[in-house]
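Observations on the three-dimensional arrangement
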Amino acid sequence: MITMELFPLSLLLTLSLSTIIFLLFRTTAAARRKLRSPPGSTGLPLIGETFQLISAYKTENPEPFIDARVAKYGTVFTTHVFGERTVFSADAETNRFILQNEGRLFESSYPGSIANLVGKHSLLLMRGSLHRRMHSLTMSFANFTIIKDHLLLDIDRLVRLNLDSWTGRILLMEEAKKITFELTLKQLLSIDPCEWTENLRKEYMLVIEGFFCIPLPFFSPTYRRAIQARKRVTEALHLVVRERREKRERGVKRNDMLAALFDSDCDDVTFCDDEIVDFLVSLLVAGYDTTSTTMTLAVKFLTDTPSALAQLTEEHEEIRARKGTSVALEWDDYKSMPFTQCVVNETLRLSNIISGVFRRAMTDVKIKDYTIPEGSKVFASLRAVHLGQDSFQDARVFDPWRWQKTLDPANFMPFGGGPRRCPGHELARVALSVFLHHLITRFCWKPAEEDKLVFFPTTRTQKRYPIIVQHRNVVE
Ligand code: HEM
Ligand SMILES: *[C@@H]1O[C@H](CO)[C@@H](O)[C@H](O)[C@H]1NC(C)=O
Ligand SMILES: *[C@@H]1O[C@H](CO)[C@@H](O)[C@H](O)[C@H]1NC(C)=O
């Protein structure tokens with residue numbers, strides 16, 4: 001889940017003498033063992049190349065920091081950012097190797113500030129057999145059978161409900177966030193949108209802001225506010241969980257993630273309410289910004305590429321025409337959107353909401369001709385591969401038609417891979433497709449003002465993509 005934008009700048013501030021000594025020692029120990037680590041430059045003492053990284057990503061170029069270093073050192077190189085020597089990989093094969101060897105050679109690594117926000121029982125922080133088990137539980141809650149038989153109905157209904165109120169000027173990013181939040185609460189807890197969900201969402205946005213600030217309560221009011229908001233969010237969820245437990249004991253059955261968590265109680269492990277709440281919080285965190293930003297950027301790319309929008313409109317009008325007066329999308333409809341899937345893939349490829357993932361080497365690991373020393377931080381950049389000219393022709397152009405040709409699937413990993421591969425990948429695709437369907441068949445739109453993509457601290461548009469929408473004259 002970690003993008004490099006999460007600011008462990010606190011690390012810089014708190015790097016103590018002992019850390020310096022430790023780092024020095026490690027370097028010399030590594031040298032003694034004659035390890036050849038990937039080439040690169042570690043910049044200034046302590047600060048390393050952190051400022052180069054931050055200022056690079058403030059430009060409009062999506063990948064300046066990595067591009068420059070790949071040109072100089074190759075696709076696997078060493079740098080020093082956020083207080084630590086870090087090996088960057090911009091190589092598809094190396095990335096896959098890193099992700100596949102989760103728990104054996106590498107393990108995921110999050111700064112403590114993130115752990116405080118997602119909660120210590122979060123799936124993101126779990127390791128080993130507990131992680132395997134909970135990951136597969138999450139997968140089975142959002143696998144395609146469940147989406148087909150249960151979740152699609154609500155996704156379709158809630159998307160339409162939200163679009164009903166659209167008129168005139170809207171901030172697309174805000175609307176997409178509202179939709180995504182409502183979908184997730186419905187899927188996790190069977191709660192329909194209401195005042196309670198909207199209030200919870202407001203608290204939630206404060207928690208999310210905490211991910212992108214300097215995580216020191218003393219220095220950062222944003223982080224302090226995020227921690228307080230997290231407390232209110234967990235309190236609210238605790239009440240829901242308690243109530244549902246009581247209902248369950250009285251024999252009331254539900255079909256959602258919470259029920260799956262209760263049911264896994266029956267096996268060897270039982271989950272207490274604290275664990276369940278952390279788990280729910282982490283799912284909300286993981287699915288919220290990612291899916292909503294992807295929705296917004298899909299619309300932006302389409303708006304900027306009229307020929308793609310025209311072809312997509314044709315595909316969805318055909319579906320509409322076939323369905324006559326029945327409004328709700330069904331699984332067969334979803335399965336008959338080949339060009340939409342090209343648009344979805346191309347949006348995921350170009351936007352790279354999760355630009356890459358951080359790991360830590362659990363032992364000395366040989367990669368290519370180099371050795372990554374034990375304990376090293378590693379950043380597998382998914383974006384660098386997606387935007388690399390070696391993997392995709394004219395890689396920085398939005399071209400959904402490229403997916404109609406055969407492409408090497410190895411170069412495309414928007415959802416990561418290995419044991420931590422995103423359990424929400426199918427859900428995100430379906431939500432995005434359903435959203436595009438209803439948007440396109442109901443509205444025309446144009447940008448309300450100039451808005452551009454930025455890549456720091458996260459990929460998004462600067463002004464939350466304001467658009468002016470107008471109803472089309474179609475029978476609904
Ligand atoms: C376009 C939308 C999405 C993108 C691009 C995305 C991307 C990713 C990526 C790259 C990872 C791997 C992180 C790592 O290896 O450390 C991940 C993990 C995860 N995602 Fe997603 N995701 C999306 C939507 C969702 C949704 C809708 C959910 C909710 C069900 C979700 C839940 C999770 C969870 C729980 C993890 C952690 C898995 C683990 O650590 O075992 N994601 N996601
Ligand atoms: C999806 O998960 C359900 C349990 O939630 C399971 O019964 C079903 O076999 C799974 N389907 C697939 C295709 O994995
Ligand atoms: C989109 O990407 C996935 C891999 O994540 C692939 O399985 C699928 O075939 C791609 N879809 C199209 C239309 O190329």
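What counts, and where the lines are drawn
- Residues numbered from 1 in each chain as written.
- Chains lettered and ligands numbered in written order.
- Predicted model: local features only at pLDDT ≥ 70, side-chain atom pairs only at ≥ 80, totals over all residues.
- Helix = DSSP H or I, 4+ residues; strand = E, 2+ residues; numbered from the N terminus.
- Buried ≥ 20, exposed ≤ 12 C-beta atoms within 10 Å, placed from the backbone.
- Contact = placed C-beta atoms within 7 Å.
- Axes fitted to C-alpha atoms, helices over the stretch in contact; angles between N-to-C directions.
- Parallel < 35°, antiparallel > 145°, perpendicular 65-115°, else oblique.
- Nonpolar A, V, L, I, M, F, W, Y, C, P; charged D, E, K, R; others polar.
- Near = placed C-beta within 6 Å.
- Pairing = 2+ DSSP bridges.
- Expected span 1.5 Å × (residues − 1).
- Core = buried A, V, L, I, M, F, W, Y, C linked by C-beta atoms within 7 Å.
- Left-handed = near helix turned anticlockwise from the far one by under 90°.

1. A look at the overall build of the protein chain
- In terms of helices and strands, the protein chain carries 18 helices and 12 strands.
- Here the protein chain, with 476 residues, has 42% of them falling under the buried criterion.
- Partitioning the contacts of the protein chain with sequence separation of at least 6, the portion at a separation of at least 24 is 74%.

2. Some points on the packing of helix α14 (residues 306-323) against helix α18 (residues 425-442)
- Between α14 and α18, the least distance of the axes is 9 Å, while the angle of their chain directions is 90°. Comparing the axis directions of α14 and α18 gives the class roughly perpendicular. Between α14 and α18, the residues in contact are L312, T313, H316, E317 and R320 and H437, I440 and T441, respectively.
- Of the residues in the contact of α14 with α18, the class split is 2 nonpolar, 4 polar and 2 charged.

3. Focus on the site of ligand 3
- In the vicinity of ligand 3, the contacting residues are Q341, C342, N345, W403, P409 and F412.
- Looking at side-chain class alone, the shell around ligand 3 contains 4 nonpolar, 2 polar and no charged residues.

4. A look at the sheet that holds strand β4 (residues 168-171)
- In spatial order, the strands read β4-β12-β9; together these 3 strands make up an open sheet with antiparallel pairing. Strand pairing shows two members of the sheet lacking a second neighbour, β4 and β9 (443-447), which therefore form its edges. Sheet twist, expressed as the average angle between the axes of neighbouring strands with direction ignored, equals 35°.
- The pairing of β9 with strand β12 (residues 466-471) spans 5 bridges and is classified as antiparallel. Its bridge partner lying in β12, C444 is registered against Q470.

5. Focus: the sheet that holds strand β2 (residues 84-89)
- Pairing is mixed in the open sheet, where 5 strands are placed in the order β1-β2-β8-β5-β3. Each edge of the open sheet carries a strand with a single partner, namely β1 (76-81) and β3 (106-108). Pairs of neighbouring strands in the sheet enclose a mean axial angle of 35°, with direction left out of account.
- Both β1 and β2 contribute to a ladder of 6 bridges, which runs antiparallel.

6. What about the pairing of β1?
- Within β1, 5 of the 6 residues are buried, leaving the element largely enclosed by the surrounding structure.
- Linking two consecutive strands that pair antiparallel, namely β1 and β2, is a turn of 2 residues; a positive phi of about 50° is found at F82 within it.

7. Quick word on helix α16 (residues 338-351)
- Its 14 residues place the ends of α16 20 Å apart at the C-alpha level, agreeing with the 20 Å of an ideal helix rising 1.5 Å per residue.
- With 10 of 14 residues buried, α16 lies mostly within the body of the structure.
- For α16, every residue scored as buried is listed here: T340, C342, V343, V344, E346, T347, L348, R349, L350 and S351.
- Buried positions along α16 lie against α13 (273-304), α14, α17 (382-386) and α18.
- Following α16 by one or two positions, N352 adopts a phi angle in the positive range, close to 50°.

8. Re α14
- Along its 18 residues, α14 runs 26 Å from first to last C-alpha, staying within 8% of the 26 Å computed at 1.5 Å per residue.
- Close packing links the buried residues of α14 with α13, α16 and α18.

9. Here we look at the site of ligand 2
- All residues adjacent to ligand 2 are S140, N143, T145 and I146.
- Taken together, the residues of the shell around ligand 2 break down into 1 nonpolar, 3 polar and no charged.

10. Examining the nonpolar core
- Within the largest apolar cluster, 76 residues are counted, with the highest numbers of intra-cluster contacts made by I155, L280, A298, A431 and F435.
- Setting aside its immediate chain neighbours within four residues, I155 contacts L183, V430, A431 and V434.
- In this structure, Y57, A90, I98 and I354 belong to the second largest nonpolar core, which totals 34 residues.

11. A short note on unusual backbone geometry
- For R464, which is not glycine, the phi torsion reads 60° and is therefore positive.
- Mapping R464 onto the fold places it in the loop between β11 (460-461) and β12.
- Positive phi, normally seen in glycine, also occurs at Y465, with a value near 50°.
- Summarising the element assignment, Y465 is placed in the loop between β11 and β12.

12. Re the environment of D304
- Positionally, D304 belongs in helix α13.
- Along the backbone, D304 and K446 are 142 residues apart, and their C-alpha atoms lie at a distance of 10.0 Å.

13. Section: the packing of helix α9 (residues 172-189) against helix α10 (residues 195-209)
- In contact at an axis separation of 11 Å, α9 and α10 are set at 115° when each is read in the N-to-C sense. With respect to each other, α9 and α10 are oriented roughly perpendicular. In the packing of α9 onto α10, the handedness of the crossing is right-handed. Judged by residue contacts, K178, F181, E182 and L185 of α9 engage T197, R201 and Y204 from α10.
- Split by residue class, the contact of α9 with α10 holds 3 nonpolar, 1 polar and 3 charged.

The quantities given are spatial measurements derived from coordinates; they are silent on function.
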